[in-house]
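# What the coordinates show
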Amino acid sequence: MSRASAIWVSGPVMRARPEGSFQLRESVTVGERRLLGEVIRIARDEITVQLYEDTSGLRPGVLVEGTGRPLSVRLGPGILSRIFDGLLRPIGDPSDPYVQPGLCRIEPQRFHFEPGVRVGDRVSPGGSIGTLSNGTALDLRCLIPPGHPPGEVVEILDAGRYLDDEPLCRLRADDGSPHAVTMSHEWPVRVPRPVAARLPSDQPMLTGQRLIDCLFPVARGGTGAIPGGFGTGKTVLLETVAKWCDADLIVYVGCGERGNEMAGLLAEFSELEDPRTGRPLMERTLVIANTSNMPVSAREASIYTGITVAEYFRDQGLAVTLMADSTSRWAEALREVSGRLGELPGEGGYPAYLSSRLADFYERAARVRTLGGDLGSVTLLGAVSPPSGDFSEPVTTHTKRYVGCLWGLDAKRAQARFYPAINPLNSYSLVAERLARWWHTQGCTRWQELRSRFLTLLEEESRLERMARIIGRDAMPARQRALLICAQLVNEGFLRQSAFSENDRYASPERQAVMMRLIGSFLEGTERLLDAGIAPERIAEDPVYRRLTRMGEEIPDGDWDAFAAIDRELTAVVRRLIDAGRESGEGVGDSRDGTDAM
Amino acid sequence: MYARLVGEEIAYRAEGPLLFLERSLDVGLNEAVEVEGADGSVRLGRIAALDLESVTVEMLDDSAGLALSGTRVRFLGEPLRFHVGPGLLGRIFDGVGKPLDGGPPLAAARAYRVDGHPIKPSAREAPDQYLETGFSAIDLMNSLVRGQKLPIFSGGGLPHDRIAVDIARNARLPDEESESGEFAIVFAGIGIPHDSAEFFREEMEKSGALARTVLFLNLASDSSAQRLLTPRFALTAAEYLAFAEGKHVLVILTDLTNYCEALREVSASRGEIPSRKGYPGYLYSDLATLYERAGRIRGLLGSVTQLPILTMPNDDITHPIPDLTGYITEGQIVLDRDLHRRAHYPPIRLLPSLSRLMKDGTGRGRTHADHPALAAQLYATYSQARQARVLASVVGEDGLSERDRRLLRFGDAFERDLLAQGDAVRTLEEGMDIGWRLLRELPPGELHRLDDRQIHEHLR
């Protein structure tokens, strides 16, 4: 491999005099501690290297060694349910509580291998030569890395436990050259892994959150962004989705965020059970943590590391969801690196290629047919932290151009402790129409109708709230007062969902559908009261209203009788109010003076 | 500190805070140096860049009066360290760890790198133990948890100094643990005026809190580069107390705005490209290296809790300093000028305040089973009360519905009886009693955040 000798060091950047040739973006190691770096500029007699680690103690004369390939990570069964830094180096070792600079690799581990091909079989890249199990609920395949030449199996090991860097299978390629296949292989992080075909996504990725699944659903293999100022609950929302969404595997990238949050996530995920398999959630989770106080340049790489890992599992035929918290910190790392290179800054000081980098990232989300012929998907969810909560800044505006749905968080809702603090008027989902069909096939035939009804209601509410602030609620006609009551119930009883309530932190699609229908019945009941000339406050004062607002927290999943009981009670209350109104002859004139707002 | 290597007559250029030396010795990046002037004065510095011929030193002390000839440079051969040991409590230091109280130098048991090392996320213990400050607005509504970093966003002229001192004086572990003497305070004044420094020192001595406190004082007149070191020395002391002596340490840093100003100044003198409002582009990462030093480590007893105080320039919460701070810290406590004018103390503006870790450190087995629900209900109702107040300012109080008038009364009583407490120190239980009493004035049907049992038990 080529070498170079340092001639200048400052901060995370060094210049060196090369002997031999280096490539741009080649991965290098520096000094005795073998710090990891990347070549970012080449001249005939000088290379510039960016280091991913603390550079204290480096000096002119230290050795820079090339690796001959771009920044790559080692993908294999050993990376499941563990925690890594931004360069996929394990940081779970308990012997030293502090992150120390220097290279450490994943130690080879033993896994059980079950061969799936025989001598003489023909195999091609992306295909599987057998299954691997690591003791968790997920069985992985031993894949022939993409880019590998197709060929014929000349030797395959029997079932048994092997080290993950041991050759399991020998192939003879069509040109006669011999090749070996191991459980793990290296893949350059900035290169998307190839697929056979990209498929349209017509299934939702269910998150168990009503506000998302019912109003702004995200598709399997789709993309979503969560912009929000500080304190609006981005991280809690991402973690909640990570816990309850129906993905096979979660890749959680903590990019420039808080250490305590990562610790909390690790602790909680080890305790919680996956509702579908009954195993600890951590078994289906892989955490890449580059907290805000870890080196900035590794933060830039961590996003690519995460998506590469996600694609590796996608190629196993799994539905993978990647959470990136937060893409703004990644963009800031880009900005710092760009500034160090002396590039011309664009908007907000970010490099002009910010937009295309964001596009590259979000475009790696897809539902695909893998090279091996399976169906797999990568769904991407990115948090965005706009400075001062201002959504007009470059990262938010560019992100909006590439994502399929946007969940805009709102400081006002967060301040009233209304979680998830997604502002429906500031959010969208481009795939909702397409996903309506899925809800239809699940038996929720009114999904699309109720969804647009709720959205219209919320839109009207914001208009009427402004009016109420000027003339006061009491001065408004009954129809408008009723609308505000209905909107309040949609907010309090349906959209609000506590991530910390045992019953309500996850809502199954059936439960969402039932609650949606119940709220729909309330809207219709109120309509009937209005037609009968009954003041809408009557129903809001009835105990059934309080039961409706608290049904999410109080009625567990599966207790359909309790929901049915509320429905019956609601019908009875509406009938009673109408009857009572008829007897006392309550204001018939009150009902028709409203607008057609409902 | 021991001198490893000494270079004489090697300085060939000085420019602002930078000193350029001939590279006659084999030294490494980021190592500390001591520059001794011809007059015998010693200044600290750090190696910022190296090439084949020269060494660039960034001076951490004022470089005025430095000459090229007659300067001796001692290379310490390692990054800057703080030598700490038993006897740290009760002492007063300047911004770079030199005793200011006339006492003897510290018995140095350990030498810690002042920059620290990032704690591995996997080695952290998630914070879940409550810490009481004596203010209901914090304890009841935005509970502080050991290992958390919770800044106070203040403004010029607001009583953040008094709040800092009160918290330093009254903060305590919950009753069952308070006897063990495991609690300590590290108090760092960063770029504060002489009067404030005297105020802190006097108040601490008067109340006897100094015995469990380490005080670091960096005055407004000290050099800017030194200001960047003060919180690092303070946090190094805190880490020693927490992870070597097993104490629960509360670090109060005031005022972080001065720190950021110093960072901007130093960055400008290095000729770096400025980002928002002239602050360097790495302000976020730099602040994170301070704030992220809060936490607990699995298997070790102590904890480092941070309560940084910063003054928002022009009360603007979107200014880069509070904005970036809020993105790193686990919540924020915001002070309010209106409440202060109405002589409410502490003037904490509740709605934008938040403690992210409250959910982990409160509730059954931590504080009180109904504490989180009570806080959530008070928050929701108070938020409605604020809306009613806006409405009242438009249509007048008489034009309000009975419900809104009730909310208005609740809002006033809440601010007067619960948030404001003057000089009184209040326990969590006392604060909770007041909270339940205030909610009793409202119809239970409007209390959506409480379950039926809680309503029955506390509000009947």
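Note on numbering: residues in each chain are counted from 1, in written sequence order. Whichever chain is written first becomes A and whichever ligand is written first becomes 1, with later ones labelled in order. Residue-level local features of this predicted model are given only where pLDDT is at least 70; pairs of side-chain atoms are given and counted only at 80 or more, and the full residue set underlies all totals for whole chains, interfaces and linings. Note: side-chain values were computed over all heavy atoms of the structure, leaving out hydrogens and water.

An unreviewed UniProt entry annotates chain B as V-type ATP synthase beta chain of Imhoffiella purpurea. In its Function (unreviewed entry) section, the UniProt record describing chain B reads: "Produces ATP from ADP in the presence of a proton gradient across the membrane. The V-type beta chain is a regulatory subunit." Among the UniProt annotations of chain B, the heading Sequence similarities (unreviewed entry) holds the following wording: "Belongs to the ATPase alpha/beta chains family." UniProt positions are given in the numbering used here, feature names are shortened, and annotations may be inferred rather than shown by experiment.

Taking an unreviewed UniProt entry as the reference, chain A is identified by name as V-type ATP synthase alpha chain belonging to Imhoffiella purpurea. In its Function (unreviewed entry) section, UniProt records this for chain A: "Produces ATP from ADP in the presence of a proton gradient across the membrane. The V-type alpha chain is a catalytic subunit." Turning to chain A, the UniProt record has this under Catalytic activity (unreviewed entry): "ATP + H2O + 4 H(+)(in) = ADP + phosphate + 5 H(+)(out)".

Moving on, we get to the packing of aromatic side chains. Ring pairs shown here join Phe, Tyr and Trp side chains whose ring centres sit within 6.5 Å, with only the six-membered ring taken for Trp; geometry is labelled stacked below 30 degrees between planes, edge-to-face above 60, and tilted in between. Applying the stated criterion across every chain yields a total of 24 aromatic pairs over all chains. Judged by centre distance (6.4 Å) and plane angle (65 degrees), the ring pair of phenylalanine 113 of chain A and tyrosine 162 of chain A falls under edge-to-face. Residue phenylalanine 113 of chain A is found in strand β9 (residues 110-115), and its partner tyrosine 162 of chain A is found in strand β14 (residues 160-163); the two are separated by 49 residues along the sequence. Type-normalised accessible area, obtained with a 1.4 Å probe on protein chains alone, sets the label of each residue: buried when under 20%, exposed when over 50%, and partly exposed for intermediate values. The class for phenylalanine 113 of chain A is buried, based on a relative accessible area of 0%. Against the face of tyrosine 284 of chain B rests arginine 329 of chain A, its NZ or CZ located 3.9 Å from the ring centre. Under the DSSP-based scheme used, a helix requires at least four consecutive residues in state H or I and a strand at least two consecutive residues in state E, with every element numbered from the N terminus. Whether a charge sits over a ring depends on NZ of Lys or CZ of Arg being within 6 Å of the ring centre and within 35 degrees of the ring normal.

To continue, consider the interface of chain A and chain B. Pairs of residues are marked as contacts when any of their non-hydrogen atoms sit within 4.5 Å. Each partner contributes to the interface: chain A provides 72 residues, whereas chain B provides 76 residues. Regarding the contact of chain A and chain B, the summed buried area is about 5,900 Å², with carbon and sulfur atoms giving 52% of it. Note on definitions: salt bridges are taken to be side-chain nitrogens of Lys or Arg within 4 Å of carboxyl oxygens of Asp or Glu. Between chain A and chain B we count five salt bridges in total. As a salt-bridge pair, aspartate 26 of chain B and arginine 59 of chain A come within 3.3 Å of each other at their nearest N and O atoms. Broken down by secondary-structure element, the contributors of at least two residues to the side of chain A that touches chain B are β1 (3-10), α3 (259-271), α4 (296-314), α5 (327-340), α10 (447-471), α11 (478-495) and α14 (543-549) of chain A. By residue number, the principal contributor to the side of chain A that touches chain B is α3 of chain A, which donates seven residues. Three classes are used: nonpolar for Ala, Val, Leu, Ile, Met, Phe, Trp, Tyr, Cys and Pro, charged for Asp, Glu, Lys and Arg, and polar for all others, with Gly counted as polar. Among the residues forming the side of chain A that touches chain B, the class breakdown is 26 nonpolar, 24 polar and 22 charged. Here a strand pair is declared whenever DSSP counts at least two bridges between the two strands. One ladder, built from three bridges, connects β1 of chain A with strand β5 (residues 42-51) of chain B; its direction is antiparallel. Summed over both partners, buried area is the accessible surface (1.4 Å probe) that two parts give up on being assembled.

With that out of the way, let us pick up the UniProt feature "domain: ATP synthase A/B type C-terminal" (unreviewed entry) in chain A. The residues that UniProt annotates with the feature "domain: ATP synthase A/B type C-terminal" (unreviewed entry) are residues 442-523 of chain A. Across residues 442-523 of chain A, the secondary structure splits into 71% helix and 0% strand, with the terminal C-alpha atoms separated by 23 Å.

Under the present numbering, the feature "domain: ATP synthase A/B type C-terminal" (unreviewed entry) in UniProt falls on residues 361-457 of chain B. Note that residues 361-457 of chain B is 64% helix and 0% strand, and that its end C-alpha atoms are spaced 23 Å apart.

By a widely used convention, the size of an interface equals the accessible area lost when the partners come together. Residues and elements named next belong to chain A. Residue ranges assigned to each domain were obtained from an automatic or database domain assignment. Per the domain assignment, the segments of chain A are domain 1 (3-70), domain 2 (77-188), domain 3 (197-431) and domain 4 (447-584). Summing both sides of the interface, domain 1 and domain 3 together bury roughly 750 Å²; the carbon and sulfur share of this comes to 54%. Considering only the side of domain 1, the residues that lose the most area to domain 3 are Arg41, Gln50 and Tyr52, jointly responsible for 55% of the buried surface there. Linking domain 1 with domain 3 are zero salt bridges, by the criterion used here. We call two N or O atoms a polar contact when they sit within 3.5 Å, provided that within protein one can donate a hydrogen and the other can accept it, with sequence-adjacent residues counted only if both atoms are side-chain atoms. Summed over the shared surface of domain 1 and domain 3, the result is one residue pair in polar contact (both at pLDDT 80 or more). Secondary structure elements with two or more residues in the side of domain 1 that touches domain 3: β4 (35-43) and β5 (46-51).

All names here are of chain A. Its place among the elements puts tryptophan 438 in helix α9 (residues 432-441). Owing to a relative accessible area of 16%, tryptophan 438 belongs among the buried residues under this scheme. Residues in contact with tryptophan 438, not counting those within four places in the same chain, are Asp202, Gln203, Pro204, Leu206 and Pro509.

A separate point is the pattern of salt bridges. All names here are of chain B. Taken as a whole and assessed by the stated rule, the structure comprises 88 salt bridges over all chains. Here arginine 46 makes a salt bridge to glutamate 58, at a shortest N to O gap of 2.9 Å. Of this pair, arginine 46 sits in strand β5 while glutamate 58 sits in strand β6 (residues 54-59); the two residues are twelve residues apart in sequence, bridging distant segments of the chain. In this structure arginine 46 comes out as partly exposed when scored by relative accessible area, which is 25%. With relative accessibility at 4%, the residue glutamate 58 sits in the buried group. Here glutamate 198 and arginine 201 are joined by a salt bridge, their closest N and O atoms 3.7 Å apart. One end of the pair is glutamate 198 and the other is arginine 201, both in helix α4 (residues 194-207) and three residues apart, which spans about a single turn.

All names here are of chain A. Angles run from 0 to 180 degrees between N-to-C directions of axes, and those axes are lines fitted to C-alpha atoms, restricted for helices to the stretch in contact. It is the contact of α5 with helix α6 (residues 354-362), at a shortest axis distance of 11 Å, that shows an interaxial angle of 135 degrees. When the interaxial angle is binned, α5 and α6 end up oblique. In the crossing of α5 with α6, the sense of the turn from one axis to the other is right-handed. Mapping the contact onto sequence places Thr327, Trp330, Ala331 and Leu334 in α5 and Leu354, Arg357, Leu358, Phe361 and Tyr362 in α6. Angle categories are assigned with fixed cut-offs, so that under 35 degrees is roughly parallel, over 145 is roughly antiparallel, 65 to 115 is roughly perpendicular, and the rest are oblique. Helix crossings are classified by the rotation of the near helix relative to the far one: an anticlockwise turn of less than a right angle makes the crossing left-handed, while a clockwise turn makes it right-handed.

Looking now at the sheet that holds β9 of chain A. Residues and elements named next belong to chain A. Pairing is antiparallel in the open sheet, where four strands are placed in the order β12-β11-β9-β14. In the strand order of this sheet, the two ends are held by β12 (139-143) and β14, each with one partner. Taken pair by pair, the neighbouring strands of this sheet meet at an average axis angle of 45 degrees, ignoring direction. Two elements, β9 and β14, share four bridges in a ladder whose sense is antiparallel. Counterpart to histidine 112 in the pairing with β14 is arginine 161.

For the rest of this paragraph, the subject is α4 of chain A. For the α-helix, the turn length of 3.6 residues means that residues three or four positions removed from each other point alike. All names here are of chain A. Helix span is expected to be 1.5 Å times the residue number reduced by one. The terminal C-alpha atoms of α4 lie 28 Å apart, and with 19 residues this matches the ideal 27 Å at 1.5 Å per residue to within 8%. Bend, in this description, refers to the angle at a residue between axes fitted to the seven residues ending there and the seven starting there. Remark: the principal bend of α4, roughly 30 degrees, maps to serine 302. Taken across its 19 residues, α4 has 19 buried, putting it largely inside the fold.

All names here are of chain B. Structurally, valine 334 can be placed in strand β20 (residues 331-335). Sequence-wise, valine 334 and leucine 351 are 17 residues apart; in three dimensions their C-alpha atoms are separated by 8.6 Å. Excluding anything up to four places from it in sequence, valine 334 contacts Phe153, Met312, Ile317, Pro347, Ile348, Arg349, Pro352 and Ser353.

Our next topic: the nonpolar core. Definition used in this section: a nonpolar core is a set of buried Ala, Val, Leu, Ile, Met, Phe, Trp, Tyr and Cys residues joined via side-chain atoms within 4.5 Å. Residues Trp407, Phe454, Phe522 and Met551 of chain A are the most contacted members of the largest nonpolar core, which totals 83 residues. Formed by 68 residues, the second largest nonpolar core is a distinct cluster that contains Tyr130, Val165, Ile185 and Leu391 of chain B.

Residue and element names in this part refer to chain B. One can read the domain layout of chain B as domain 1 (5-79), domain 2 (82-360) and domain 3 (371-459). Of note, the centres of domain 1 and domain 2, computed from C-alpha atoms alone, are 31 Å apart. At the interface, eight residues of domain 1 touch eight residues of domain 2. A buried area of about 760 Å², summed over both sides, lies between domain 1 and domain 2, and 56% of it is on carbon and sulfur atoms.

Residue and element names in this part refer to chain B. Reading across from one edge, β9-β16-β15-β17-β19-β14-β20-β21 is the order of the eight strands in this open sheet, with mixed pairing throughout. On the outer flanks of this sheet lie β9 (92-94) and β21 (348-355), each paired with one strand and no other. For this sheet, the mean inter-axis angle between neighbouring strands, taken without regard to orientation, is 15 degrees. For β20 and β21, the ladder comprises four bridges, and the chain directions are antiparallel. The residue of β21 that forms the bridge with leucine 335 is isoleucine 348.

Residue and element names in this part refer to chain A. Here strand β11 (residues 128-133) pairs with β12 via four bridges, running antiparallel. Looking at β12, one finds that serine 128 is bridged to leucine 143. In sequence, β11 turns back onto β12 through a hairpin of five residues, with glycine 135 there showing a positive phi of about 85 degrees.

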